[in-house]
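Notes for the structure review
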Amino acid sequence: MNNIKDSILVIEDENYILKVLDTLLSADGYRVICAQSASAAKSIITSHMPDLILLDLGLPDMDGIQLLKDLRKWSKVPVIVVSARQMEKDKVAALDEGADDYISKPFSAPELLARIRAVMRRNSINNGSSEKYQVGDFLIDFDRHVVSVKGVPIKLTQVEYRIVELIARQPGKVLTYSYIINNIWGPYADAENNRILRVNMSNIRKKIESDSMAPKYILTEIGVGYRMAEQ
Amino acid sequence: MKTRFFAKNKRTFFLIFFFSGFIISALTVRLMGSMGSGHIIILRLCSLCLFFLSVRQAYLIYKDLVDERNVNREEIHREKLISQLSESLLQASGIDELYTLTLKSIYSVVDCPSAIFVSDGSGGFTRIKSYPEGLLLYPPDEEILHCLKEGIRTGRGTASFKEKALTCYPVKAEEKVLAAVGLLAGPDTILSASRQKTVESLLLRAGVALERFRLAEEQQQAMMEKELEHMRSDFLRTISHDLRTPLTGIIGACSALEQGDLNLTESAKKDLVSDIGAEAQWLLRMVENLLSVTRVGAEKPILNISEQPIEEVLAEVLEKTRTRFPSVQLRIHQPDDFLMVPMDATLIVQVLMNLIDNSVKYAGSDKPIDLSVKDNADTVQFSIKDQGIGLSEKKLRTLFEPSAQRSGDSSHGMGLGLSLCKSIITAHDGTISGENNPEGGAEFTITLPKGSDL
């Protein structure tokens, strides 16, 4: 599959899950390195320089978020955070600390592999350099500031366009409410009160989605943020 | 020294002075003829002096009587206050009211502001209440701790910490210190002994009442614990039963696949694997429900409340329903206006999914399920309506109770699901109810407060 195998560091303290992940990822052509604690992971990151890290937040010796924080001070290696369900706060914290994506336990094999591929792909292309982004019938032209669906241009307000552009620049990545608000309304906006973002999103969906109850282009990660659909 | 001696035996000296004056003046009259005028004058002066002393003595006696009457009056007033307090303490509905009553009566007796403190159990203390309310006291410290610890009077006018502004009185019941009351007298006044006595007897009454409340509370706590224990074992029985059913299926399927000599066809194998997957999915939902129970079932529910647009919540429910029950038709009705409601989104979605789950399983109909949202003035109302067979009388009665009596029930998990829904909605300060729709089918209604600042 891959000529030069991409290496994945799996940081997970459960032996059984580690075994399953190792089997699964090796079968898909990745070189898998395992670490069962944060301290082991730290030395492996510096010695092996993995291409991607799969980080479980519940580690025995250190808070996973802290490990991510330390890592982001010097490295941009893509990180996918693995967390238990129902822990939006952890997810939001991980994304705000620079995680590239998260996946909730338990997950299926195809889901995990798809996420890994998407993160790898996003990191290999230089963000923001492309002029257009298209998914399904949705097209955004970053140069001309135009959004169209099925070739029909959509009239968006200035703020609405900037929200769509921000999300479309990083397709597949979940952008947290506070990230979007900071980028659109500036660092002094009240990120706790995200009503203004929610209202704008409601209006955007009415304009671009055929059924806003089942959005196809801008997806909701409830309690966390929004994500642009990928091809 | 001399005056005190005279003051002590006022009546005796009055008599001595009066009679000796009387005798001397009588003698003077008798001896008028036989004595020189110089002697007579001396005797007259003597008797006058004695009369004057006896009048002074009489005045002192009179003053004493007045004082006594005043003391009596004050005592009567005090008795009245104390009995008034005792009476109202009996009627107090809670400890808080009891504190207020005590401080108020102290204020009316000694006319100085006060506050009540209790030990916080870790070497410090907390201020519970003051009267007049919102009263700012000097930063009080050691005198209160000492009073709480030793059960003696401390602070101003006492032996310990007399430089402090507060005078602290312990509130005791059977030698146990329950609280301390700090009195803030004016800068120059020190309470008179009789007033101190009043305060002390007021606090004695308060102590008794406080102890009574504490005992009642303890008793109630014990009863609640017993109830909780009962619920817990009920709950565990339900869960073990509910967990065992899918596990039996999974283990059975696995063992069938492991045995090579069964000669299963490829499609049979595939069926077994997908059965395992379905049962495992069910177990996962069950575990998620259990996790939520631990979050909302605790004394202080851990909710992650934030304002959520109704349309996003409904979209999430719709998507989940489509993946979980591809053949089920869920119709969504919502107000046109953009609407946000404070909630823990994951938990509310879980509640709605549990209700849809129930409708799919128990309605016995493949007609559409309706999920509607209505914007009331202060609340938002969700209702889930199916067109199935409805709820039986028996089910209606115990709808939201975790029931262990359903062993043998073919479709597992309903008991926990609905009781969890109730806990989640209650933790949101909302309401949930279930009934039969007059047009047929079951209908569950949830309301959530809009302006809630949980």
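Our structure is the block above this text.
We now turn to the structure provided with this report. (Residues numbered from 1 in each chain as written. Chains lettered and ligands numbered in written order. Predicted model: local features only at pLDDT ≥ 70, side-chain atom pairs only at ≥ 80, totals over all residues. Heavy atoms only, no water.)

A few words on unusual backbone geometry. With omega at -10°, the peptide bond leading from Lys105 of chain A into Pro106 of chain A counts as cis. One can find Pro106 of chain A in the loop between β5 (101-105) and α5 (109-124). Residue Pro132 of chain B follows Tyr131 of chain B across a cis peptide bond; omega there is -5°. Looking at where Pro132 of chain B falls in the secondary structure, it is placed in the loop between β2 (125-131) and α5 (142-150). The backbone phi angle of Met49 of chain A is positive, close to 45°, even though this residue is not glycine. Position of Met49 of chain A relative to the elements: it lies in the loop between α2 (38-48) and β3 (52-56). With relative accessibility at 54%, the residue Met49 of chain A sits in the exposed group. Phi at Glu175 of chain B is positive, roughly 65°, even though this residue is not glycine. (Helix = DSSP H or I, 4+ residues; strand = E, 2+ residues; numbered from the N terminus. Buried < 20%, exposed > 50% of the residue type's maximum accessible area, 1.4 Å probe, protein only.)

Every contact between the two is made by 26 residues of chain B and, on the other side, 20 residues of chain A. Both faces combined, the contact of chain B with chain A buries some 1,900 Å², and carbon together with sulfur accounts for 51% of it. Our enumeration of links across chain B and chain A arrives at three salt bridges. Two residues, Arg198 of chain A and Glu312 of chain B, come together in a salt bridge whose shortest N-O distance is 3.7 Å. For the interface between chain B and chain A, the tally reads three residue pairs in polar contact (both at pLDDT 80 or more). At the level of secondary structure, the elements contributing two or more residues to the side of chain B that touches chain A comprise α7 (266-296), β6 (306-309), α8 (310-324) and α9 (345-362) of chain B. Considering each element in turn, the side of chain B that touches chain A owes the most residues, eight residues, to α8 of chain B. Of the residues that constitute the side of chain B that touches chain A, the class distribution is 12 nonpolar, six polar and eight charged. (Contact = heavy atoms within 4.5 Å. Buried area = accessible area lost by both parts, 1.4 Å probe. Salt bridge = Lys/Arg side-chain N within 4 Å of Asp/Glu carboxyl O. Polar contact = N/O pair within 3.5 Å; in protein donor to acceptor, adjacent residues only side chain to side chain. Nonpolar A, V, L, I, M, F, W, Y, C, P; charged D, E, K, R; others polar.)

Quick look at the nonpolar core now. Residue and element names in this part refer to chain B. Within the largest apolar cluster, 45 residues are counted, with the highest numbers of intra-cluster contacts made by Ile310, Val317, Leu352, Leu355, Phe382, Ile446 and Leu448. Taken together, the elements giving at least two residues each to this core come down to α7, α8, β8 (340-343), α9, β9 (369-375), β10 (379-385), α11 (414-427) and β12 (442-449). Considering every element that reaches this core, the biggest residue donor is α9, with nine residues. Apart from the residues within four sequence positions on either side, Leu355 is in contact with Ile384, Leu418, Cys421, Phe444 and Ile446. Residues Ile116, Tyr169, Val181 and Ala206 belong to the second largest nonpolar core, which totals 28 residues. (Core = buried A, V, L, I, M, F, W, Y, C linked by side-chain atoms within 4.5 Å.)

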